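# Close look at the chain arrangement
Here's the letter readout for the chains.
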Amino acid sequence: MASTPIPTLSVVYPNRVCNQCGCVCDDIALTVEAGNITKADNACDMGQAWFLAKHSDPVDGALAWVKGQPVSLKAAIDTAAEILVQARYPLIFGLADLPCEAQRQAVGLADRVGACLDTTLSDEHGAFDTAFQEVGEVTCSLGEVKNRADLVIFWGTDPVTSHPRHGERFSLDAKGLFTPRGRADRFVVVVDVLETATAKQADVFLKIQKGCDFEALWALRAMVRGIPLRESIQKQTGIEDTALAGLSERMKSCRFGILFFGPGLCATRGRHKNAEAALLLVKDLNDYTRFYAKPMSGPGNVSGAENVVCWQTGYPPGVHFGQGFPRFNSGEFSAKEILGRGEADAAMMVAIDPKAPFSDAIKKRLAALPTVLLTSDAENLLTPGVGFRPTVSILTAPYTISGGGTVFRMDDTPLPLRPVRSSPRPNAKDVLAMIEKRIEELQTQKRVAMQNEKGPR
Ligand code: SF4
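Residues numbered from 1 in each chain as written. Predicted model: local features only at pLDDT ≥ 70, side-chain atom pairs only at ≥ 80, totals over all residues. Heavy atoms only, no water.

### Focus: the pairing of strand β12 (residues 290–295)
- For β12, the tally of buried residues reaches 5 of 6 residues, placing the bulk of the element in the interior.
- In this structure, strand β11 (residues 256–261) lies alongside β12, joined through 6 bridges in parallel fashion. Looking at the pairing, Ile 258 lines up with Tyr 292 of β12. (Buried < 20%, exposed > 50% of the residue type's maximum accessible area, 1.4 Å probe, protein only. Helix = DSSP H or I, 4+ residues; strand = E, 2+ residues; numbered from the N terminus. Pairing = 2+ DSSP bridges.)

Here it is, written out as structure tokens:
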């Protein structure tokens, strides 16, 4: 007799969080059937691609490897702890794709072993952070942008491609309290070197020459303050002086303006000076109206990493604990610089993006060091995307769907993650805590052994 198939139980989890870009949409409805996510309503194509990916565990069921061989979690943790304890200049980096609780644990671990701690995106965001330290930031939440902004400027960023729902939820079509007609209540300006997808939706597109953001921003500052330019800067910037003057007038006369700036602003010479010029321009504009600035942060929990490292150390990522207290020097203590100069003698990569754009020289350096990798991307372990095989690899739970915790949106608004399925893998936070505990034991053993060697006084 043919048996009746048992219907698969399907459960819908509303208001889940996606953090595949800085928008951190918190209105995603996930449908889970037989432990797999089969639908991600409200997510954009980028978010759907991530949620509906397999997130499968390795076929042999292993969760940890040492030198490519599957081992128990405890054995991997012991080896990782030994690597970090024996190193004279350990580097811990990555962090951006972790919840804040695990990031906090990573800061504690770096402090314990006197490591240098950095994020994978510090190169890009480091320029923003340095600018914030120099001149401060006039900032607001994305909710205020949605409800109030009648002038939106995107400078060196293309959110239609990189942050697909930014326009719909906050900056272009979103209908707010004082912007009830959505797009019709906003004037949108894009300044970029190319006519991007966002530029095609803008009211005005100003095509700027590559590397001339600093000049254009300072010219705008002069125009806003009513200081006449001694000579035309059109030749340098590629933007007509009248177009810049028109923009400065529009900025001064809007009710609520927002300048979103992205990696394009800091990708050329000047870097943090360009971001500084943008922040100063916005500061000046507050003599006339309400104007704010906001960097467009990347995927994962980049804003969380910046906030957590700042709370714990007083500095943005790129912090060195080698002297027993946190030190910060922009550039000097970035992972790229330390690996480039060949200073680190061990490296721990936490939640690193397997597609991180390491140069061949850096991959070569990492391949020569004892390394520990914590990742939730099983594919990355099977075919190492980082270009070398780490000494110790540990597979952790995908925190957005299985782990829980807190992540920060690009406007520094914290949002809670709520798991939709269980995972046999450990959380990154727990693994980091276990490594730190083992390190503490090893350090105590070492201290006792040294005291015994010296003998009684
Ligand atoms: S816009 Fe970003 S956060 Fe929102 S669903 Fe798409 S990828 Fe996820």
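### Observations concerning the layout of surface pockets
- Roughly 310 Å³ of volume is contained in the second largest pocket.
- Forming the walls of the second largest pocket are 17 residues, and the residues nearest its centre are Asp 129, Phe 132, Glu 137, Glu 306 and Asp 412.
- The set of elements that each furnish at least two residues to the lining of the second largest pocket consists of α4 (122–135), β12 and α14 (302–313).
- With 5 residues, α4 is the largest single contributor of residues to the lining of the second largest pocket.
- Taken together, the residues that form the lining of the second largest pocket break down as 6 nonpolar, 6 polar and 5 charged.
- In this structure, the lining of the second largest pocket is formed jointly by two domains, domain 2 (53–121 + 300–454) and domain 3 (126–295), each of which donates at least three residues. (1 Å grid on protein atoms, 1.4 Å probe; cavity = no way out; pocket = protein on both sides within 12 Å on 5 of 7 lines; lining within 4 Å. Points joined across faces, edges and corners; volume = space filled by probe spheres on them. Nonpolar A, V, L, I, M, F, W, Y, C, P; charged D, E, K, R; others polar. Domains from an automatic or database assignment.)

### Observations concerning the packing of helix α9 (residues 213–224) against helix α11 (residues 241–253)
- Running from N to C, α9 and α11 cross one another at 60 degrees; their axes reach a closest spacing of 9 Å. Our classification of the angle between α9 and α11 gives oblique. Relative to α11, the crossing made by α9 is right-handed. Contact residues: Ala 216, Ala 219, Leu 220, Met 223 and Val 224 in α9; Asp 241, Leu 244, Ala 245, Leu 247, Ser 248 and Lys 252 in α11.
- Here the contact of α9 with α11 is composed, by residue class, of 8 nonpolar, 1 polar and 2 charged. (Axes fitted to C-alpha atoms, helices over the stretch in contact; angles between N-to-C directions. Parallel < 35°, antiparallel > 145°, perpendicular 65-115°, else oblique. Left-handed = near helix turned anticlockwise from the far one by under 90°. Contact = heavy atoms within 4.5 Å.)

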